[in-house]
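# Structural description and commentary
Below, each chain spelled out in residue letters.
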Amino acid sequence: MSWRLVGKKEIGDAIRNYQLYANALIFVAVFGGFGYLFARDVRRSAGVDPSMAPDPIEFVGLLSFFCIIMIPAVGLMVSYDAIVKRRAGGQLALLLGMPHDRRDVVVGSLLGRFAVFAGSLLAGIAAALVVLLVFGLSPPFGALVGFTIATAGLGLAYVAIGIGLSGWIRSPTWAAIAAFGVFMLFVFVWRVVPDGVVYLVSGFEIPTEMPWWRPYVTTLSPSVAYERVLDAYVFDEAREGYPTAFGAVVLLGWTVLAPLVGYLRFDRTDL
C-alpha cells in the first residue's frame, strides 16, 4: 500500500536530517535527568529515614506532570509542516505524481511522524529505567507501562492535530502560528473555558450547582483527557463526576477526526 511508502519516507527523512536523533536526545536528557533527580532524592531520604523515601510511583507522576507540556509541544513540532511544507516547496506535486493519492499522503505522514515521536519517547523511557536501575531502585514497571501507553496516545493525538493543520492550511507560516495557538489553547487556556461556557449558558452568572456536562467539556482538551486517563488507569485516582473512559475516547477522537478534517480540505484544494 502506498501510504506505507510515504510513512517510510517520513522516517527516512527524519533520520537523514537528524530530527529523530535530536528528538530522542531531548527525551533521553529530560527523562534521564528526572530519573537521576528522583534516585538522588530517594537515597537522601533513605539515609535520613527510610520511611520518608518517595514511593516509586511518584516518579511516574513527576514524568507525567512534565509531559503535559512537553508532549504537545513535540507532537505538534514534528507534524505541523508535514504536508504544507512540501506543498509550498513544490515537492508535493512530485510526490502525487507517483502512485500515491492525497489520502496516502495524509495517512502516511501521520504514521511516519508518529513513529518518529514514538521512537523518541521510548528512548527517553529506556534512559529513565537505566538510571533507576543503576542507582539500585526498583522501577514501577506496571505504572510505567500504563504511562507509556497513555503518553503515546497523547502524542498521537497532537501529531494528528498537526497533520490536520498541515493539510488544511496552505502557508507554512500560518501552519506554525496555528500549531502554537493549538498548543496554548489546549495546554493552558482550555482549563478555564468550561467555566466560561457555564457562565454564558447560565445567563452571565455562576450557578450554585455545576451542570452535568461540564466535566465532558473540560475533557475535550487532549491534555486534560490525558490527565484523566492517567488518574483513572495509572494512579487509580479517578475524579468524581468524570467518566473514566471518556478521556480515552477523546484522545481517539482527536486522532481520527483531526487528520480527517485536514484531508477533506486538502483533497478539495489545488496544490
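This is a predicted model, so every value here is computed, not measured.

### Side note on the nonpolar core
- Counting residues in hydrophobic clusters, the biggest one holds 65 residues, and the most contacted among them are Phe27, Phe31, Phe117, Phe147, Tyr158, Ile161 and Tyr226.
- Within the residue set of this core, elements represented by two or more residues are helix 2 (19-48), helix 3 (57-77), helix 5 (91-96), helix 6 (102-134), helix 7 (141-168), helix 8 (172-187), helix 11 (222-233) and helix 12 (246-267).

### Quick word on the packing of helix 6 against helix 7
- Between helix 6 and helix 7, whose axes approach to 9 Å, the crossing angle comes to 150°. Judged by the inter-axis angle, helix 6 sits roughly antiparallel to helix 7. The way helix 6 lies across helix 7 gives a crossing that is right-handed. Contacts between helix 6 and helix 7 involve Val106, Ser109, Leu110, Arg113, Phe114, Phe117, Leu121, Leu122, Ile125 and Leu129 from the first element and Phe141, Leu144, Phe147, Thr148, Thr151, Ala152, Gly155, Leu156, Val159, Ala160 and Ile163 from the second.
- Residue classes in the contact of helix 6 with helix 7 are distributed as 16 nonpolar, four polar and one charged.

### With respect to the packing of helix 3 against helix 11
- With their axes 10 Å apart at the nearest point, helix 3 and helix 11 run at an angle of 150° to one another. Taken together, helix 3 and helix 11 sit at an angle that is classed as roughly antiparallel. Note on packing geometry: the crossing formed by helix 3 with helix 11 is right-handed. Here Ser64, Cys67, Ile68 and Pro72 of helix 3 come into contact with helix 11, specifically with Ser223, Tyr226, Glu227 and Leu230.
- Broken down by class, the residue content of the contact of helix 3 with helix 11 amounts to five nonpolar, two polar and one charged.

### Looking at the environment of Leu92
- Topologically, Leu92 is positioned in helix 5.
- It is 22 Å that separates the C-alpha atoms of Leu92 and Gly75, two residues lying 17 residues apart in sequence.
- Beyond its immediate stretch of four places on either side in the chain, Leu92 contacts Ile83, Arg86, Arg87, Val105, Phe266 and Leu271.

### Details of a nonpolar patch on the surface
- Together, Ile69, Phe180, Met184, Leu185, Phe188, Val189 and Val192 make up a nonpolar patch on the protein surface, roughly 600 Å² of accessible area in all.
- Sorting elements by how many residues they give to the nonpolar patch places helix 8 first, with three residues.
- One can find Leu185 in helix 8.

### What about the packing of aromatic side chains?
- Scanning all chains against the criterion turns up 14 aromatic pairs.
- Pairing Trp212 with Tyr216 gives two aromatic rings, centres 5.9 Å apart and planes at 75°, and the pair type is edge-to-face.
- Note on Trp212: relative accessible area 65%, which makes it exposed.
- Among the aromatic side chains, those forming a connected cluster through ring pairs are Phe27, Phe31, Phe114, Phe117 and Phe147.
- A cation over an aromatic ring shows up here: Arg102 above the ring of Phe266, its NZ or CZ 5.1 Å from the ring centre.
- Against the face of Trp168 rests Arg265, its NZ or CZ located 5.1 Å from the ring centre.

What counts and how
Residues numbered from 1 in each chain as written. Predicted model: local features only at pLDDT ≥ 70, side-chain atom pairs only at ≥ 80, totals over all residues. Heavy atoms only, no water. Core = buried A, V, L, I, M, F, W, Y, C linked by side-chain atoms within 4.5 Å. Buried < 20%, exposed > 50% of the residue type's maximum accessible area, 1.4 Å probe, protein only. Helix = DSSP H or I, 4+ residues; strand = E, 2+ residues; numbered from the N terminus. Axes fitted to C-alpha atoms, helices over the stretch in contact; angles between N-to-C directions. Parallel < 35°, antiparallel > 145°, perpendicular 65-115°, else oblique. Left-handed = near helix turned anticlockwise from the far one by under 90°. Contact = heavy atoms within 4.5 Å. Nonpolar A, V, L, I, M, F, W, Y, C, P; charged D, E, K, R; others polar. Patch = residues over 30% accessible without salt bridge, like charges linked within 9 Å, V, L, I, M, F, W, Y side chains within 5 Å. Areas by Shrake-Rupley, 256 points an atom, 1.4 Å probe, with all protein chains shown as cover. Salt bridge = Lys/Arg side-chain N within 4 Å of Asp/Glu carboxyl O. Phe/Tyr/Trp six-rings, centres within 6.5 Å; stacked < 30°, edge-to-face > 60°. Lys NZ or Arg CZ within 6 Å of the ring centre and 35° of its normal.

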